[in-house]
Amino acid sequence: MSWAGFLLAVLFQFVGLSTLEEPLYVVGYYAIAAVFLIVSCLVLQKTIRDNEEDQFSSMGTDDS
């Protein structure tokens, strides 16, 4: 379900940018900002998941 919401948001973003009646440099600025936001969210999600997995796996291997 989360992937459907993500794809829907990206689709709406694309439609909004393609129908925006501004000069091309303004549309490009918004498009680059949107891509940066998407990549940042994906990297943050992966980092949080990896940290959670590291904490979970280290709980079972306590050497003390």
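Described in the following lines is the structure provided in the data block. Just so it is clear, the model here is predicted, and its values are computed rather than measured.

From N to C terminus, the chain includes 2 helices and 0 strands. Whereas a compact globule of 64 residues would reach a radius of gyration of roughly 11 Å, the chain reaches 19 Å, over 25% beyond that. When its C-alpha atoms are laid out on the principal axes, the chain stretches across 65 × 25 × 5 Å. Expressed as a percentage of its 64 residues, the buried residues of the chain come to 6%. Accessible surface, the chain as shown: approximately 5800 Å² in total, 70% of it carbon and sulfur.

Moving on, we get to a nonpolar patch on the surface. On the surface, L8, L11, F12, F14 and V15 cluster together into a nonpolar patch covering about 520 Å² of accessible area. Topologically, F14 is positioned in helix α1 (residues 2–18). On the basis of relative accessibility, which here comes to 58%, the residue F14 falls in the exposed class.

Next up on the list: the environment of L7. If you trace the backbone, L7 turns up in helix α1. Here L7 falls in the exposed class, since its relative accessible area comes to 54%. Linking L7 and D54, residues 47 residues apart in sequence, is a C-alpha distance of 29 Å.

The rules behind the values
Residues numbered from 1 in each chain as written. Predicted model: local features only at pLDDT ≥ 70, side-chain atom pairs only at ≥ 80, totals over all residues. Heavy atoms only, no water. Helix = DSSP H or I, 4+ residues; strand = E, 2+ residues; numbered from the N terminus. Rg over C-alpha atoms; globule rule 2.2 N^0.38 Å. Buried < 20%, exposed > 50% of the residue type's maximum accessible area, 1.4 Å probe, protein only. Areas by Shrake-Rupley, 256 points an atom, 1.4 Å probe, with all protein chains shown as cover. Patch = residues over 30% accessible without salt bridge, like charges linked within 9 Å, V, L, I, M, F, W, Y side chains within 5 Å. Salt bridge = Lys/Arg side-chain N within 4 Å of Asp/Glu carboxyl O.

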